[in-house]
Amino acid sequence: LSAGALQANHYMKQFGISQEDCARVVIKNRKDAQNNPYAQVVKETTVEEVMDSPMWAYPIKEMEAAPISDGACAVVLASRHKARALSKEPVWILGAGSCVDSHYLGDRDLTGGDALIRASNAAYGMAGISDPLEELDVAEVSAAFSYQELLWTELMGFCNRGEGARILKEGQTSLEGSLPVNPSGGMIAGNPVTVAGLTRLVEAVLQVRGEAGDRQVRGVSRALSHGTTGCCGQGQYVMIVGN
């Protein structure tokens, strides 16, 4: 939490991001979580309620942090030949990338995001994606705190640096937007800690299959899933799946 607060302060000061901008992430994700039967936190909220929730470590407030949840998920990985034999609707891994940054916070730029930039670019290169905002249909992003959804979407190239709050406010990352981000509600709505990143992949697969229920995005053929480990996104993992 304290490390996240350091990163949040640096990011918000560097790009002029307000606390209200971060609060809107919570509002979007809680709204979408109502469509997810696996979500833990589904009550809709307002900017005022988020701003009034207890301060945990400035500027992160209670409602802006992912809850601690119990949960499990699993995937079956197989060769192309075996996958066709096992499933009528296999979902293919189109691209994947991972990168781990320096361990010590003082050895890296907390908002520079080299690990995520490298991981996402590797995945995009394999999948033949040059403009993720236009070429992806949905994204499931691991964000333990509200500000991270804005920061990670910038580092993955959904928009220019400092514009994550703008595309959210414009509705581009909403369920009906050009690139819905976390239609499941994301980690803000439920955080099965050990499998939080794998849960993002499962959600992406469900979207590609058209099996995401009321949280389904129309016409999904390529979905991004993102996981992260370590303080302030030390390890970053991106996978593109599709049909």
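Below or above, wherever it landed, is the structure these notes cover. (Residues numbered from 1 in each chain as written. Predicted model: local features only at pLDDT ≥ 70, side-chain atom pairs only at ≥ 80, totals over all residues. Heavy atoms only, no water.)

Some words on the overall build of the chain
Part 1 of the argument: Secondary structure assignment for the chain yields 10 helices and six strands.
Part 2 of the argument: Projected onto its principal axes, the C-alpha positions of the chain cover 50 × 40 × 35 Å.
Part 3 of the argument: Put simply, of all contacts in the chain between residues at least 6 apart along the chain, 70% involve residues at least 24 apart.
Part 4 of the argument: Split by element, the accessible area of the chain, about 11,300 Å² in all, is 51% carbon and sulfur.
Part 5 of the argument: Each charge class in the chain was averaged separately, 21 positive and 28 negative side chains, and the resulting centres sit 6 Å apart. (Helix = DSSP H or I, 4+ residues; strand = E, 2+ residues; numbered from the N terminus. Contact = heavy atoms within 4.5 Å. Areas by Shrake-Rupley, 256 points an atom, 1.4 Å probe, with all protein chains shown as cover. Lys, Arg positive; Asp, Glu negative; His and termini not counted. Charge placed at Lys NZ, Arg CZ, Asp CG, Glu CD.)

Notes on the pairing of strand E5 (residues 222–229)
Part 1 of the argument: The pairing of strand E4 (residues 138–140) with E5 spans three bridges and is parallel. By the bridge assignment, alanine 139 is partnered in E5 with leucine 224.
Part 2 of the argument: Bridging between E5 and strand E6 (residues 235–242) involves eight bridges; their strand directions are antiparallel. Following the sheet pairing, serine 225 is matched in E6 by methionine 239. (Pairing = 2+ DSSP bridges.)

Considerations on the pattern of salt bridges
Part 1 of the argument: One pass over the full model with this rule turns up nine salt bridges.
Part 2 of the argument: For the salt bridge of aspartate 21 with arginine 24, the shortest nitrogen-to-oxygen distance reads 2.9 Å. In this pair, aspartate 21 and arginine 24 both sit in helix H2 (residues 19–33), three residues apart, roughly one turn of the helix.
Part 3 of the argument: Residue class for aspartate 21 comes out buried when judged on its relative accessible area of 15%.
Part 4 of the argument: Each of Glu163, Arg166 and Glu170 takes part in a single network of salt bridges with overlapping partners. (Salt bridge = Lys/Arg side-chain N within 4 Å of Asp/Glu carboxyl O. Buried < 20%, exposed > 50% of the residue type's maximum accessible area, 1.4 Å probe, protein only.)

Some words on the sheet that holds E4
Part 1 of the argument: Ordered by their spatial adjacency, four strands build an open sheet running E3-E6-E5-E4, and the pairing between neighbours is mixed. At either margin of the open sheet sits one strand with a lone partner, and together these are strand E3 (92–100) and E4. Ignoring strand direction, the axes of neighbouring strands in this sheet form an average angle of 15°.
Part 2 of the argument: Sheet strands touched by helix H5 (residues 114–127): E3, E5 and E6. Its angle to E3, the strand with the most contacts, is close to 155°. (Axes fitted to C-alpha atoms, helices over the stretch in contact; angles between N-to-C directions.)

A word on unusual backbone geometry
Leave glycine aside and you will find that most residues have negative phi; peptide bonds, for their part, are mostly trans.
Part 1 of the argument: A cis geometry characterises the amide bond from tyrosine 58 onward to proline 59, with omega recorded as 5°.
Part 2 of the argument: Unusually for a residue other than glycine, cysteine 232 sits at a positive phi of about 55°.
Part 3 of the argument: Mapping cysteine 232 onto the fold places it in the loop between E5 and E6.

A short note on H2
Part 1 of the argument: Given a rise of 1.5 Å per residue, 15 residues ought to cover 21 Å, and the 22 Å separating the end C-alpha atoms of H2 matches this to within 8%.
Part 2 of the argument: When we look at burial in H2, the residues that qualify are Gln19, Asp21, Cys22, Ala23, Val25, Val26, Lys28, Asn29, Arg30, Asp32 and Ala33. (Expected span 1.5 Å × (residues − 1).)

Some thoughts on a negative patch on the surface
Part 1 of the argument: A contiguous patch of negative charge on the surface is contributed by Glu20, Glu48, Glu49 and Asp52.
Part 2 of the argument: Considering each element in turn, the negative patch owes the most residues, three residues, to helix H3 (residues 47–52).
Part 3 of the argument: Within the fold, aspartate 52 resides in helix H3. (Patch = residues over 30% accessible without salt bridge, like charges linked within 9 Å, V, L, I, M, F, W, Y side chains within 5 Å.)

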